[in-house]
Amino acid sequence: MVVFSEDHTHETCRRGRIEVVCGSMFSGKTEELIRRLKRATFARQRVEIFKPAIDTRYSEAEVVSHDNNSIPSTPVDSSASILLFSSEIDVVGIDEAQFFDDGLVNVCNELADRGVRVIIAGLDMDFKGVPFGPMPALCAIADEVTKVHAICVKCGDLAYVSHRTVANDKRVLLGEKEEYEPLCRCCYRKAVEEEKKAQASHS
Ligand SMILES: Nc1ncnc2c1ncn2[C@@H]1O[C@H](COP(=O)(O)OP(=O)(O)O)[C@@H](O)[C@H]1O
Ligand SMILES: Cc1cn([C@H]2C[C@H](O)[C@@H](COP(=O)(O)O)O2)c(=O)[nH]c1=O
Ligand SMILES: [Zn+2]
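Attention here is on the structure that accompanies the text. Every value quoted in this text rests on a predicted model; they were computed, and no experiment measured them.

Okay, the sheet that holds strand β5 (residues 74–76) next. Spatially, β5-β2-β6-β7-β1-β8 is the arrangement adopted by the 6 strands of the open sheet, whose pairing is parallel. Of all the strands in the sheet, the pair left with one neighbour each is β5 and β8 (144–148). Across this sheet, the average inter-strand angle for adjacent strands is 20°, counted without regard to direction. In the sheet, strand β1 (residues 17–23) pairs with strand β7 (residues 117–123) via 7 bridges, with the strands oriented parallel. What sits directly across from Cys-22, in β7, is Gly-122. Sitting on the sheet, helix α2 (residues 29–42) is in contact with β1, β2 (47–52), β6 (91–94), β7 and β8, with an inclination near 165° to β7.

The next point concerns the site of ligand 1. Around ligand 1, the surrounding shell holds 16 residues, and the nearest of these are Phe-26, Lys-29, Thr-30, His-66 and Asp-67. The contact in question runs from an oxygen atom of ligand 1 to an N or O atom on the backbone of Ser-27, over 3.1 Å. Looking at the shell around ligand 1 element by element, the count peaks at 3 residues for α2. Here the residues of the shell around ligand 1 are counted per class, giving 6 nonpolar, 6 polar and 4 charged.

All chains considered together, the criterion is met by 14 salt bridges. A salt bridge links Arg-17 to Glu-144, with the shortest nitrogen-to-oxygen separation between them at 2.7 Å. Note that Arg-17 is positioned in strand β1 and Glu-144 in strand β8, a separation of 127 residues in sequence. Look at Glu-144 and you get partly exposed, because its relative accessible area is 29%. In this structure, Asp-169 and Lys-128 form a salt bridge, with 3.3 Å as the shortest nitrogen-oxygen distance. Here Lys-128 lies in the loop between β7 and α5 (135–141) and Asp-169 lies in the loop between β9 (161–164) and β10 (180–183), a separation of 41 residues in the sequence. For Asp-169, a relative accessible area of 57% puts it in the exposed group. Residue Lys-128 is classed as partly exposed on the basis of its relative accessible area, which comes to 45%. Counted as one network, the salt bridges with shared partners bring together Arg-17, Glu-19, Glu-32, Arg-35, Arg-36, Arg-117 and Glu-144.

Attention now moves to the side chain of Glu-96. Topologically, Glu-96 is positioned in the loop between β6 and α4 (104–113). What Glu-96 contacts, discounting residues up to four positions off in sequence, is Pro-52, Asp-55, Arg-57 and Ala-121.

Cut-offs and rules
Residues numbered from 1 in each chain as written. Chains lettered and ligands numbered in written order. Predicted model: local features only at pLDDT ≥ 70, side-chain atom pairs only at ≥ 80, totals over all residues. Heavy atoms only, no water. Pairing = 2+ DSSP bridges. Helix = DSSP H or I, 4+ residues; strand = E, 2+ residues; numbered from the N terminus. Axes fitted to C-alpha atoms, helices over the stretch in contact; angles between N-to-C directions. Contact = heavy atoms within 4.5 Å. Near = heavy atom within 4 Å. Polar contact = N/O pair within 3.5 Å; in protein donor to acceptor, adjacent residues only side chain to side chain. Nonpolar A, V, L, I, M, F, W, Y, C, P; charged D, E, K, R; others polar. Salt bridge = Lys/Arg side-chain N within 4 Å of Asp/Glu carboxyl O. Buried < 20%, exposed > 50% of the residue type's maximum accessible area, 1.4 Å probe, protein only.

So, in structure tokens, the structure goes:
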């Protein structure tokens, strides 16, 4: 019996499907997205990558990982634009999906129904541990969900959430290591309790 370490069927059989890669910040979502999209390109599939126009952290027109791997992308203002730019495409990649409007769910279903392989990467939760934007609905409609984990910077366990280390209560705050750290459940709970105590002692 021959056992392949990689399932190659998605690169060879052109059936529509939805794949979600989710997790906290620094968990490797963008690297995994780039890896799948580059393999699809090697398989001579027509690939298009989208990201929300608000995400200008590293580059305006590229998807870039924390380790500086990158791939050209098209920044779009709304999920509807993805449909407009996706004719004659085999594989659609979407990064930072948490920032898109709820219309992204129908857009992904529509693309998959047309036979497109859709690969979505996004934060499952915001800094408060609340499911982020269209991500829970995307996980629900996906054919396959991959949850990836960063390493908790306090104890070395698997991280589950992105802890915000600066005082700002807005849900959307672009940032990196200066603003966020990946923590496990236990270290996150301790960090939040300490913040509450510090706030109480200041008021
Ligand atoms: N605490 C951490 N745990 C795991 N990886 C980390 C951590 N801090 C930095 N990294 C780096 O981040 C990379 C993942 O980056 P990226 O794919 O952009 O993540 P994401 O898109 O999930 O934020 C890892 O390969 C690693 O080099
Ligand atoms: C938790 C959290 C994150 N963000 C921002 C911070 C970054 O700019 C992106 C996530 O990028 P990554 O590729 O997953 O590292 O989202 C935010 O705006 N609000 C949050 O609660
Ligand atoms: Zn921890």
